2 protein chains.
Amino acid sequence: MPTTPHSIDEFLQFLRFASISADSKFAPQMTDCAAWLQRKLSSIGLHAEVSPTQGQPVVLARNETKPGRPTVLIYGHYDVQPVDPLNLWQNDPFDPTIRDGVVNARGSSDNKGQIFAHILGVEAALKQGELPVNLIFLIEGEEEIGSPSLAPFLEAHKQELACDVVVISDSPMIAPGTPTLCYGLRGIQAIEITLRGPDKDLHSGMFGGAVLNPLTALARLLTTLHNPDYTVAIEGFYDQVRPLQPWESDAWKKLPYQEKEILAITGVPELDGEWAHTPLERLWARPTAEINGMWGGYQGEGSKTVIPSLAHAKLTFRLVPDQQPEEILALVEKHLRAHLPDSVKMEIEVGHGGAAYLADPHDKWGLAAQAALKVAFAGREPALIREGGSIPIVADFKRILGVDTLLLGLCLSNCNAHSPNETFPLSHLDVGSALNQELLRELAKA
Amino acid sequence: MPTTPHSIDEFLQFLRFASISADSKFAPQMTDCAAWLQRKLSSIGLHAEVSPTQGQPVVLARNETKPGRPTVLIYGHYDVQPVDPLNLWQNDPFDPTIRDGVVNARGSSDNKGQIFAHILGVEAALKQGELPVNLIFLIEGEEEIGSPSLAPFLEAHKQELACDVVVISDSPMIAPGTPTLCYGLRGIQAIEITLRGPDKDLHSGMFGGAVLNPLTALARLLTTLHNPDYTVAIEGFYDQVRPLQPWESDAWKKLPYQEKEILAITGVPELDGEWAHTPLERLWARPTAEINGMWGGYQGEGSKTVIPSLAHAKLTFRLVPDQQPEEILALVEKHLRAHLPDSVKMEIEVGHGGAAYLADPHDKWGLAAQAALKVAFAGREPALIREGGSIPIVADFKRILGVDTLLLGLCLSNCNAHSPNETFPLSHLDVGSALNQELLRELAKA
């Protein structure tokens, strides 16, 4: 069923809500958006409700639960990122504007377009008759602020949310027109370190040479994190890394996303990293130690000849199966303490951690997803990918509901999610609707 | 001549001017302070004038120039540092308050007390008769903002400021009650480097591992500046370093300023630096490579998983004789470029540079100063020191007027110059006045 003028009009209504979860002054818009979704989901024949959480409400919708068919939970979110800087937008971010079949609006790709495509698919299927599965829509309002209420909500509603598999469309396709199944995500462990040398900032002329500059100590300490070949130099760091399977390596080499594409997106002079691995292997299957922020001393104009008292760094370690965040944390702390000179003190503040995720794209759910993707994308072979980022909710679904997640990205990599001029091609509503219908059919057979 | 109640009263008048050069709203106070100084210097029998510069006026005063005696230029400054944070002061910084013989006021040590002691010495000598030298007082109003107008003023008045030696009291004594002659200063070369990796900040999950993080590149690059023993690892860096003379090493070992004192002042867990040199050697006679500021990425609360586009560092190299700033700059640039990976770009912004300064404390001026110090400090042997900082005006006097400078510090190391509750012992007016009279006598004989 091709998208109708009516469904496009509805999509634009959905996009007009300034449902920015990060800013409490948009609370009324959040409420209105959730209520609109609930009405929409009711109107297509589902039992829909707005369900309170510790934070923003969750919209839940389901068909009649019948035994003998799998239960599929489709997750999405109705909240969107803030819109600053507003002056870079071609149109008001909440006045969706269509140019050449592409809609420009905040949330168009992330995540309203992708979840609305699923809703359109279910609407079309219900017009034909019954759905082939027990369906649960779970559409939350706090994804852009880290989903703080979702895990407690899942815990509290474990029984009624029991399902066989989760479906999420909240990520890009590997290339335009390429059906994409993501079956793995990296985990993460964050820490912040502070080095303290002198008890106040010192004059670098009067004291330079006699005391260790905490910035020098920090640079040297952070340098110890890597070997010259960019492998991580922390003892034991790779002990639990599950080797990449040969089929993955082979499949990734054929993807339409390689050095040239990564160079174009990042704008770096050249790629760099672990020499023994391809760029995609390094992104998806190898752990990293990254400095996300580093600072100390004078940052203003001109110069101030100071030896600062303090030097700071924020680090994150991206993890792969089967590295455990708490084990990595212990190894990192041990490494940092072992390499710290006695002439500075160190404080370590532990940040958030989350395990990596890896499903088998060749299990029955994965094969069903691949089959559906192939039909929805006119016979093209699906790309089987992992992602380098971390999606904590996927780990939450696994941990609390005990189920795997099928990650089926429907937006383009240049969609400007989180940036000005976020876009979504209207044709992807059709693609996503078709994918949803094929997917539910295939999952029912799995 | 012991300090009289009248001269103390005059000193407090001098301290009441809020002559803050950094803030233009104090311009009237600057003008009033310069005029007050001109009246004071006239009243003691000198020919005094307020002389305009490109910036704040200079106060010049001189006796009658007579052939056959040396010309001595005593330099000082009437401008003071800002007073923030005001709430930490025990009294209004411009309402000088005497407690136990110590005056608490902004500028009391830096530099009003020290220059006023010289004025009192000249006043006392003139009451006895004629000065033994041709004297020039040059008291500027921009020292606390880097003396931007002084060098042009010296150039423009080269003839009338021609002299045989310069005297400056604008630095601490090495220990309370220890007469101190400083005969050397380190030079400096400042640069700022910026590393550029991706053309925008990247998500460290999506791209971490495939691109070099500019913060990692910066840490690694800055680490290459030092060897494990904290010597500077830049090729050729030490080629022009004049070896410390054995008498200096020996003399410094006996100074009442060693590891214990430096530990107490700096509050570091332990001293650190070039293993092959004592702390004082490292401070005064060895060059350094210091990071004065370093920054990039996310510095706010919590974490933001970013690979920043840019990473920055502000560096200064402290130089010793006979290192030349422009030669060191070339070596530093060569080193940084040689150690830069191809996967980031670097921009280098050159900052200010100034050569090191070294006089012979055993030449005739040095010996005269030592003799005067000994008398003024009741027979105690003067400490012969260098300083680790850089005083560009000393290089200006050498370069433009062709003369050496005697640096005779009269304040205490805990005087809180540039900090709240700046203090100066009233007794140091007597000491300084006596020193001035002895010094002019000795210089006349030299």
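Above this text sits the structure in question.
Below you will find a few notes about this structure. These numbers were taken from a predicted model, which means no experiment stands behind them.

So, how was this worked out
Residues numbered from 1 in each chain as written. Chains lettered and ligands numbered in written order. Predicted model: local features only at pLDDT ≥ 70, side-chain atom pairs only at ≥ 80, totals over all residues. Contact = placed C-beta atoms within 7 Å. Helix = DSSP H or I, 4+ residues; strand = E, 2+ residues; numbered from the N terminus. Nonpolar A, V, L, I, M, F, W, Y, C, P; charged D, E, K, R; others polar. Buried ≥ 20, exposed ≤ 12 C-beta atoms within 10 Å, placed from the backbone. Pairing = 2+ DSSP bridges. Axes fitted to C-alpha atoms, helices over the stretch in contact; angles between N-to-C directions. Core = buried A, V, L, I, M, F, W, Y, C linked by C-beta atoms within 7 Å. Least-squares fit on C-alpha atoms with pLDDT ≥ 70 in both. Parallel < 35°, antiparallel > 145°, perpendicular 65-115°, else oblique. Left-handed = near helix turned anticlockwise from the far one by under 90°.

**Here we look at the interface of chain A and chain B**
Taken together, the contact pairs 68 residues of chain A with 68 residues of chain B. If you tally residues by element for the side of chain A that touches chain B, the top one is strand E11 (residues 288-297) of chain A, at nine residues. The residue inventory of the side of chain A that touches chain B, partitioned by class, reads 25 nonpolar, 28 polar and 15 charged.

**What about the pairing of strand E7 (residues 165-168) of chain B?**
Taken residue by residue, a regular strand's side chains alternate between the two faces of the sheet. All names here are of chain B. Here E7 shows two buried faces, one formed by Val165 and Val167 and the other by Val166 and Ile168. Relative to strand E17 (residues 405-407), E7 runs parallel, the two being bridged by three bridges. Its bridge partner being in E17, Ile168 is matched across the sheet by Leu407.

**Let's talk about the environment of Met173 of chain A**
All names here are of chain A. The topology assignment puts Met173 in the loop between strand E7 (165-168) and strand E8 (180-185). A residue is classified by how many C-beta atoms lie within 10 Å of it, and Met173, with 27 of them, is buried. Setting aside anything within four residues of it in sequence, one finds Met173 in contact with Thr178, Thr180, Gly409, Leu410 and Leu412.

**Quick notes on the sheet that holds strand E18 (residues 423-425) of chain A**
Backbone-to-backbone hydrogen bonds join strands into a sheet, with any given pair of strands oriented parallel or antiparallel. Residues and elements named next belong to chain A. Within the open sheet, the three strands sit side by side as E4-E5-E18. Their pairing is antiparallel. In this open sheet, the two edge strands, each paired with only one partner strand, are strand E4 (97-99) and E18. When the angles between neighbouring strand axes are averaged without regard to direction, this sheet yields 30 degrees. Relative to E18, strand E5 (residues 102-104) runs antiparallel, the two being bridged by three bridges. By the bridge assignment for E18, Val103 is matched with Phe424. With respect to the sheet, helix H3 (residues 108-128) is in contact with E5 and E18, its orientation differing from that of E18 by roughly 30 degrees.

**Looking at unusual backbone geometry**
All names here are of chain B. Note the cis peptide between Asp110 and Asn111, where omega equals 10 degrees. Summarising the element assignment, Asn111 is placed in helix H3 (residues 108-128). For the bond running from Pro321 to Asp322, omega is 0 degrees, close enough to zero to count as cis. Positioned with a positive phi, Asp100 is a non-glycine residue whose angle comes to about 50 degrees. Mapped onto the elements, Asp100 comes out in the loop between strand E4 (97-99) and strand E5 (102-104). For Asp100, a count of 6 C-beta atoms within 10 Å corresponds to the exposed category. A positive phi angle, near 65 degrees, is found at Asn416, a position not held by glycine. Relative to the helices and strands, Asn416 is located in the loop between E17 and strand E18 (423-425).

**Focus: the sheet that holds strand E14 (residues 345-354) of chain A**
With antiparallel pairing, eight strands are arranged side by side in an open sheet as E14(A)-E9(A)-E13(A)-E11(A)-E11(B)-E13(B)-E9(B)-E14(B). This sheet does not close on itself; its edge strands, each paired only once, are E14 of chain A together with strand E14 (345-354) of chain B. Taken pair by pair, the neighbouring strands of this sheet meet at an average axis angle of 20 degrees, ignoring direction. Its contacts with the sheet place helix H6 (residues 214-223) of chain A against strand E9 (187-196), E11 and strand E13 (310-319) of chain A together with strand E11 (288-297) of chain B, and it is angled at close to 15 degrees to E13 of chain A.

**Quick look at the nonpolar core**
If you look at the biggest cluster of nonpolar residues, it comprises 263 residues, and the most contacted ones within it are Val59 and Val72 of chain A together with Val59 and Val72 of chain B. With sequence-adjacent residues up to four places away left out, Val72 of chain A is seen in contact with Val133, Leu135, Cys163, Asp164, Val165, Val167, Leu440 and Leu443 of chain A.

**Digging into the relation of the copies chain A and chain B**
Each copy of the sequence occupies a distinct position, and chain A is placed on chain B by a rotation of 179 degrees and an axial shift of 0.1 Å, giving an RMSD of 0.2 Å. Such values leave the two copies arranged in the relation of a two-fold axis. Counting the interface residues of chain A, we find that 100% of their copies in chain B are interface residues as well, pointing to one common contact surface.

**Side note on the packing of H3 of chain B against helix H13 (residues 427-445) of chain B**
Residue and element names in this part refer to chain B. Between H3 and H13, the shortest axis-to-axis distance is 7 Å and the interhelical angle comes to 55 degrees. The angle between H3 and H13 falls in the class oblique. In terms of crossing hand, the pair formed by H3 and H13 is right-handed. Mapping the contact onto sequence places Gly113, Gln114, Phe116, Ala117, His118, Leu120, Gly121, Val122, Ala124 and Ala125 in H3 and His428, Leu429, Gly432, Ser433, Ala434, Leu435, Asn436, Gln437 and Leu440 in H13.

**Topic: the packing of helix H11 (residues 364-376) of chain B against H13 of chain B**
All names here are of chain B. Contact geometry for H11 and H13: axes closest at 8 Å, N-to-C directions at 145 degrees. H11 and H13 meet at a crossing whose hand is right-handed. Facing H11, whose interface residues are Trp365, Ala368, Ala369, Ala371, Ala372, Leu373, Val375 and Ala376, H13 presents Val431, Ala434, Leu435, Glu438, Leu439, Glu442, Leu443 and Lys445. The class makeup of the residues in the contact of H11 with H13 is 13 nonpolar, no polar and three charged.

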